[in-house]
Amino acid sequence: MTGAAVPSRRYAQGMETRRIVLGDTHVDNAESNKTDFDRPFQELITEAAWGHVWSRPGWTKRERSIVTIALLAALGQDEELIMHIRATANTGATKDDICEALLHVAIYAGVPAANHAIKLAKQVYKELEAGQAA
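These numbers come from a predicted model, not from an experiment.

> If you had to explain helix α3 (residues 39–53) to someone new, which residues and values would you point to?
If you check α3, its first and last C-alpha atoms are 20 Å apart, about what 15 residues at 1.5 Å a residue would give, namely 21 Å. Three or more residues of α3 are buried, namely Gln 42, Glu 43, Thr 46, Trp 50 and Gly 51. Packed against the buried residues of α3 are α1 (9–22) and α5 (78–91).

Here you go:
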């Protein structure tokens, strides 16, 4: 949080959830690259996205992951899509889950969006599987 302010309960919960989903390495990197310019944005997403929405009890991390990936694919948000596909290692969403989500994207958001997302997902899974083999 800005200055010497004590983080809110929502911020602390958000940081915990963010680390569970994205992993310590990703979050540590984002935190170390934070500047005064993007600090308010980082605080906002930590509290709102991670501390509120991702931390709600109604859905599992797996379910939230599937929905998030479908939305990002539909919106063409490639970098975020790749990040969240990588995060499935932490959320429990399977390749089959993501395949089903992207089929929904094809029908409800368009074949080109789903086609591009499938291409990106295949690249990410290939990298992840190569890393596991090493």
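> Account for the packing of aromatic side chains, naming residues and giving values.
The tally for this structure, following the rule as stated, stands at one aromatic pair. A cation over a ring is seen here: Lys 95 above Tyr 125, with NZ or CZ 5.2 Å from the ring centre.

> Give a description of a nonpolar patch on the surface that names residues and reports values.
A cluster of nonpolar side chains, namely Trp 59, Val 67, Leu 71 and Leu 75, defines an oily patch on the protein surface of about 410 Å² accessible area. Among the secondary structure elements, Leu 71 is positioned in helix α4 (residues 61–75).

> Let's hear about the packing of α1 against helix α2 (residues 24–32): which residues, and what values?
At their nearest, the axes of α1 and α2 sit 6 Å apart, and the two run at 125 degrees to each other. Our classification of the angle between α1 and α2 gives oblique. Residues Tyr 11, Met 15, Arg 18, Arg 19 and Leu 22 of α1 pack against Asp 24, His 26, Val 27, Asp 28, Ala 30 and Glu 31 of α2. For the contact of α1 with α2, a count of residues per class yields five nonpolar, one polar and five charged.

> How would you sum up the domain arrangement of the chain? Please name residues and give values.
Partitioning the chain into domains gives domain 1 (9–57) and domain 2 (59–133). In total, domain 1 and domain 2 occlude about 880 Å² of area from one another, counting both sides; carbon and sulfur atoms represent 63% of this. Three residues stand out in domain 1 for area buried against domain 2, namely Val 21, Leu 22 and Trp 54, and they jointly supply 56% of the buried area on that side. For the interface between domain 1 and domain 2, the tally reads zero salt bridges. When contributions to the side of domain 1 that touches domain 2 are tallied by element, the ones reaching two or more residues are α1 and α3. It is α1 that contributes the most residues to the side of domain 1 that touches domain 2, four residues altogether.

> Quick one: what's the story with the environment of His 116, residue by residue and with numbers?
Within the secondary structure, His 116 is located in helix α7 (residues 111–133). When its relative accessible area of 31% is taken as the criterion, His 116 is described as partly exposed. Considered as a pair, His 116 and Asp 28 are 88 residues apart in the sequence and their alpha carbons are 29 Å apart.

> Go over the nonpolar core with me, naming the residues and quoting the values.
In this structure, Ile 69, Ala 73, Leu 81, Ile 85, Ile 98, Leu 102 and Val 105 are the most contacted members of the largest nonpolar core, which totals 19 residues. Elements with a minimum of two residues in this core: α4, α5, α6 (95–108) and α7. In terms of residue count, the dominant contributor to this core is α7 (seven residues). Excluding residues within four positions of it along the chain, Ile 98 makes contact with Ile 66, Ile 69, Thr 88, Ala 93 and Tyr 125. Of all hydrophobic cores here, the second largest spans nine residues; its members include Tyr 11, Leu 22, Trp 50 and Met 83.

Cut-offs and rules
Residues numbered from 1 in each chain as written. Predicted model: local features only at pLDDT ≥ 70, side-chain atom pairs only at ≥ 80, totals over all residues. Heavy atoms only, no water. Helix = DSSP H or I, 4+ residues; strand = E, 2+ residues; numbered from the N terminus. Expected span 1.5 Å × (residues − 1). Buried < 20%, exposed > 50% of the residue type's maximum accessible area, 1.4 Å probe, protein only. Contact = heavy atoms within 4.5 Å. Phe/Tyr/Trp six-rings, centres within 6.5 Å; stacked < 30°, edge-to-face > 60°. Lys NZ or Arg CZ within 6 Å of the ring centre and 35° of its normal. Patch = residues over 30% accessible without salt bridge, like charges linked within 9 Å, V, L, I, M, F, W, Y side chains within 5 Å. Areas by Shrake-Rupley, 256 points an atom, 1.4 Å probe, with all protein chains shown as cover. Salt bridge = Lys/Arg side-chain N within 4 Å of Asp/Glu carboxyl O. Axes fitted to C-alpha atoms, helices over the stretch in contact; angles between N-to-C directions. Parallel < 35°, antiparallel > 145°, perpendicular 65-115°, else oblique. Nonpolar A, V, L, I, M, F, W, Y, C, P; charged D, E, K, R; others polar. Domains from an automatic or database assignment. Buried area = accessible area lost by both parts, 1.4 Å probe. Core = buried A, V, L, I, M, F, W, Y, C linked by side-chain atoms within 4.5 Å.

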